[in-house]
Amino acid sequence: MKNLTQVAAGHACRVAWIIGTYENIIRSYDLAEEQTLYVVQNEGSSLLLYAGAKRLAMSGDIARQIKVYEID
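Residues numbered from 1 in each chain as written. Predicted model: local features only at pLDDT ≥ 70, side-chain atom pairs only at ≥ 80, totals over all residues. Heavy atoms only, no water.

Q: Before we go on, may I ask you to explain unusual backbone geometry in this structure?
A: Excluding glycine, residues mostly carry a negative phi; peptide bonds, for their part, are mostly trans. Positive phi values are uncommon outside glycine, yet D30 reaches one of about 65 degrees. Looking at the element boundaries, D30 is found in the loop between helix 1 (23-28) and strand 3 (36-42). Of note, the phi angle at E34 is positive, near 75 degrees, even though the residue is not glycine. Note on placement: E34 falls in the loop between helix 1 and strand 3. Note on E34: relative accessible area 55%, which makes it exposed. (Helix = DSSP H or I, 4+ residues; strand = E, 2+ residues; numbered from the N terminus. Buried < 20%, exposed > 50% of the residue type's maximum accessible area, 1.4 Å probe, protein only.)

Now the structure itself:
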């Protein structure tokens, strides 16, 4: 398991859990456990990803609070 900032661009992952002080902000993105995410761009300090049909941008601080399993 890793945090979302550790997933390289072009890879998919599944949300394992959402933790920390940014939980309310993350929930406002409509992200939930077991949801599949596709990382489009990962600069470390910011990420661009697809969550279903939505395209999201988030800071690295927020993305570090999302624990994921990488999908092969």
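Q: What exactly am I supposed to notice about the sheet that holds strand 4 (residues 46-51) here?
A: Within a sheet, each strand pairs with its neighbour through backbone hydrogen bonds, oriented either parallel or antiparallel. Strands sit in the order 1-6-2-3-4-5 across an open sheet of six strands; the sheet is antiparallel. Pairing within the sheet leaves two strands with one partner each, and these edge strands are strand 1 (2-3) and strand 5 (54-59). Across two bridges, strand 1 lies against strand 6 (residues 66-71) in antiparallel orientation. Note that in strand 6 the partner of K2 across the bridge is V68. (Pairing = 2+ DSSP bridges.)

Q: How should I be thinking about the environment of L49 in this particular structure?
A: With respect to the helices and strands, L49 occurs in strand 4. For L49 and D72, which are 23 residues apart along the polypeptide, the C-alpha to C-alpha distance reads 17 Å. Those residues in contact with L49 that sit more than four places away from it in its chain are L4, L37, Y38, V39, V40, K54, R55 and L56. (Contact = heavy atoms within 4.5 Å.)

Q: I tried to follow the pairing of strand 3 on my own but got confused; where do I start?
A: The pairing of strand 2 (residues 12-18) with strand 3 spans three bridges and is classified as antiparallel. Looking at strand 3, one finds that R14 is bridged to T36. Of the pairings in the sheet, the one linking strand 3 to strand 4 comprises five bridges and is antiparallel in character. Paired with Y38 across the two strands is Y50, which belongs to strand 4. Connecting strand 3 to the antiparallel partner strand 4 that follows it, the hairpin turn spans three residues, and G44 within it adopts a positive phi of roughly 85 degrees.

Interpretation note: all reported values are geometric properties and have no functional meaning in isolation.
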